[in-house]
Amino acid sequence: MAPSSSPAPATIPKPRPAPTNPETPFNTWLAALNQCLPSVSEESLSSLFLTDSFWRDHLCLSWDYKTAHQLPNIYSLLSSSRIETITRSSSHPILVLPLDFEGQVPAITAFVDVKTTVGHGRGIIRLLEDSDGKWKAYTVFTALMGLDKYPEKLGKTRPVGVTHGADKGRKNWSERRQEEKEFLNTQPTVLIVGAGHSGLVVAARLKMMGIESLVIDRNERVGDNWRKRYHQLVLHDPVQFDHMPYLPFPTCWPTFTPKDKIGDWFEFYASALELNVWTSSQILASSWDEASESWTVTVSRGLATPDRELRPSHIILATGASGIPQMPEISGLDSFKGDVICHSSSFLGAKVDGQGRKAVVVGCCNSAHDIAQDYYEKGYDVTIVQRGSTCVMTSESLLGVMMKGVYDEDGPPVEDADLLFHSFPIALFKRNQVLATNEIARRDKEVLNGLEKVGFTLDKGPDNSGLFMKYLESGGGYYLDIGASNLIATGAIKFQKIGSIIEVLPDGIKFDTGTLPADEIVFATGFGSMVTTARRILGDETLKGVGDVWGFNENAEMKGIWRQAKKGLWFMGGSLALSRWYSRGVAMGIGAAEQGLME
């Protein structure tokens, strides 16, 4: 994967006094903006926007995710003329909220409703007072939430579920569902590869829009992609951050979800929302026909069911934000005489009684720490091996600093929380993350000092902006501490710092710093990009011209993912929270393509 562009942190204006009446300046500003929207000009925008301002847009102004920084770029973005009006949200008051982590720069902050030429959206606008006492926009965020051509079938427009009256050929719900799921007489418009959370939520979005989709997964059951992972795996994100669209987790759900529980929830989610899923299924062959703008896909459904040929217009690859497991290219792998030598993705868990056994975990991010802790709890003599550096923060600090007031029990509804979260242009978000990371390091000082004393190499993410920015830029390189850090600091889990792996020996593993004996070796050495999996599924020819997927582009938005990578091909992945937000964009993009709106 090519290096991600690393956006520079924003420099924010100096604080000005908070307004006593935010409504009047905001209403005046919004009326002026709507007046200039039909024939926007740089001159008209200059009276409405600060010189160093941002407009972040998710599909209202184009069919891509874009951030415009400074007036010329904002003017260029608005030149599409796709936004017709922006009005105040009737359900949200205009507030004065700080836009900086320190809470020193008050901004008039307003939720807004957006009407575009193709649908409706929402947004958040932040105004700051300039040196002349005039209120101008510092950040504007607009996001398309629905297409006029595909209104979601929710609430008053929900399915009736039955046709009353006499019908001698009537089929019951179970029969109708089986017929719908099998696609015996119809074709899915969209084929989704992968029944993890990303595949399921985009299928749910398409379902509510009335676009037929089929999800296929090679596992025997929906949720097996989590059930089959290592024994002690628990989600590191809190439940308030992880809700799924249309069916949020119950209020009694634990804050951190065990892997088997989340696997069962995914299976329930697919059933409750009537998503069409074929398990034990995978693509055998595929080709794209430019003339008909459709795929021909042969799907294997296991030994008991004949193969099927499908002709979808779109394929969504929802195989996870990571690609093929990365194993180090080292000699001696076949010579190992111990019980286990594998990548972390294949590790099922430590043996119940590990007394007298030695384990080595190569790698120092989330999976490595979880696996090392599992070994320790089962009685093993375990060593965790670090090659580079790791960004570490405790789970308590994540909840108390990063999630506080937004994704917690005192936060707004998740739909509003998502809007607030994405309303920050990445440059401003990164600037605030630097301050948040400093506060977290202060709270976690004892944990971090303990790690450094044993030689553990820490980092604070790109430009010291922490864990979340490191995830967005590189997809990994961090540990959200749930207990292993203290075990490493106290020596309960042994620690070894290395430069390189030399070879695997019959009874251990050799590094440039020495040799460690081992009965079991786990390589928690990461994954390739999504494109590596895509090539394995669809072939190199199909993936010609497809660039990197993940990390930031020069526009400070994510590369390749959640958009059409090439005609009829889409990538879907990321955390539960990112998938919840961007699944809507993927579904609307497909709807737009089906209606010819992208041309």
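Coordinates for the structure precede this section.
This is a predicted model, so every value here is computed, not measured.

Enquirer: Just checking my understanding: could you explain helix α11 (residues 414–422) for this structure?
Expert: Side chains of residues three or four places apart in an α-helix project in the same direction, reflecting 3.6 residues per turn. Among the nine residues in α11, eight count as buried, and that is most of the element. Among the residues of α11, Val414, Asp416, Ala417, Asp418, Leu419, Leu420, Phe421 and His422 are the ones counted as buried.

Enquirer: Any chance you could explain the packing of aromatic side chains here in plain terms?
Expert: Think of a pair of aromatic rings as described by two things: how far the centres are apart, and how the planes are tilted against each other in angle. The full count for this structure, using the stated rule, is 26 aromatic pairs. Between phenylalanine 421 and phenylalanine 429, the aromatic rings sit 5.6 Å apart at their centres with planes inclined by 70°, giving edge-to-face as the arrangement. Ring centres of tyrosine 471 and tyrosine 478 lie 6.2 Å apart, and the angle between their planes is 90°; on these two criteria the pair is classed as edge-to-face. Assessed through its relative accessible area of 11%, tyrosine 471 is described here as buried. For tyrosine 478, a relative accessible area of 15% corresponds to the buried category. Among the aromatic residues, those joined into a cluster by ring pairs are Tyr65, Phe241, Tyr407, Phe421, Phe429, Phe468, Tyr471, Tyr478, Trp550, Trp562 and Tyr582. Lying over the aromatic face of phenylalanine 424, arginine 126 brings its terminal NZ or CZ to 4.0 Å of the ring centre. One Lys or Arg, arginine 229, reaches over the ring of tryptophan 226 and ends 5.3 Å from the middle of that ring.

Enquirer: How do you make sense of the pattern of salt bridges when you look at a structure like this?
Expert: Side-chain pairs of opposite charge can arise whenever the charged atoms involved come near each other. This model, assessed by the stated rule, comprises 36 salt bridges. The shortest N-O distance in the salt bridge between glutamate 309 and arginine 311 comes to 3.0 Å. For glutamate 309, a relative accessible area of 43% gives the class partly exposed. The closest approach of N and O atoms between glutamate 520 and arginine 357, which form a salt bridge, is 3.4 Å. Residue glutamate 520 is located in strand β25 (residues 520–523), and its partner arginine 357 is located in the loop between β15 (340–343) and β16 (358–362); the two are separated by 163 residues in the primary sequence. Looking at arginine 357, the relative accessible area reads 17%, which means it is buried.

Enquirer: When you look at helix α5 (residues 197–209) in this model, what are you seeing that I'm missing?
Expert: With 13 residues, α5 extends 18 Å from end C-alpha to end C-alpha; this agrees with the ideal 18 Å at 1.5 Å per step. Where α5 is concerned, the buried positions are His197, Ser198, Gly199, Leu200, Val201, Val202, Ala203, Ala204, Arg205, Leu206, Met208 and Met209. A positive backbone phi angle near 85° is found at glycine 210, which sits one or two residues after α5.

Enquirer: Please clarify how the environment of lysine 470 should be interpreted in this entry.
Expert: Considering the arrangement of structural elements, one finds lysine 470 in helix α14 (residues 466–474). The exposure class assigned to lysine 470 is buried, which follows from its relative accessible area of 12%. With 464 residues separating them in the primary sequence, lysine 470 and serine 6 have C-alpha atoms 9.8 Å apart. Setting aside chain neighbours within four positions, we find lysine 470 in contact with Ser389, Thr390, Cys391, Asp459, Gly461, Pro462, Gly475, Gly476 and Gly477.

Enquirer: Explain the layout of surface pockets to me, please; I cannot follow it from the model alone.
Expert: To find the voids left in a structure, one rolls a probe of water-molecule size over its atoms. Estimates place the volume of the second largest pocket at around 1,000 Å³. Around the second largest pocket, the lining comprises 37 residues; the ones closest to its centre are Pro159, Trp173, Glu180, Lys207 and Glu274. Top contributing element to the lining of the second largest pocket by residue count: helix α4 (residues 173–182), with five residues. Grouping the amino acids of the lining of the second largest pocket by side-chain chemistry returns 16 nonpolar, nine polar and 12 charged.

Enquirer: What's the story with the packing of helix α10 (residues 395–402) against helix α12 (residues 426–443) in this structure? I'm lost.
Expert: For any two helices packed against each other, the geometry comes down to the angle between their axes and how far apart the axes lie. Between α10 and α12, the shortest axis-to-axis distance is 10 Å and the interhelical angle comes to 135°. Taken together, the axes of α10 and α12 are oblique relative to one another. Crossing of α10 over α12 shows right-handed handedness. Seen from α10, the contacting residues are Ser397, Gly400, Val401 and Met402; seen from α12, they are Gln433, Ala436, Glu439, Ile440 and Arg443. Classifying every residue of the contact of α10 with α12 gives four nonpolar, three polar and two charged.

Rules and cut-offs
- Residues numbered from 1 in each chain as written.
- Predicted model: local features only at pLDDT ≥ 70, side-chain atom pairs only at ≥ 80, totals over all residues.
- Heavy atoms only, no water.
- Buried < 20%, exposed > 50% of the residue type's maximum accessible area, 1.4 Å probe, protein only.
- Helix = DSSP H or I, 4+ residues; strand = E, 2+ residues; numbered from the N terminus.
- Phe/Tyr/Trp six-rings, centres within 6.5 Å; stacked < 30°, edge-to-face > 60°.
- Lys NZ or Arg CZ within 6 Å of the ring centre and 35° of its normal.
- Salt bridge = Lys/Arg side-chain N within 4 Å of Asp/Glu carboxyl O.
- Expected span 1.5 Å × (residues − 1).
- Contact = heavy atoms within 4.5 Å.
- 1 Å grid on protein atoms, 1.4 Å probe; cavity = no way out; pocket = protein on both sides within 12 Å on 5 of 7 lines; lining within 4 Å.
- Points joined across faces, edges and corners; volume = space filled by probe spheres on them.
- Nonpolar A, V, L, I, M, F, W, Y, C, P; charged D, E, K, R; others polar.
- Axes fitted to C-alpha atoms, helices over the stretch in contact; angles between N-to-C directions.
- Parallel < 35°, antiparallel > 145°, perpendicular 65-115°, else oblique.
- Left-handed = near helix turned anticlockwise from the far one by under 90°.

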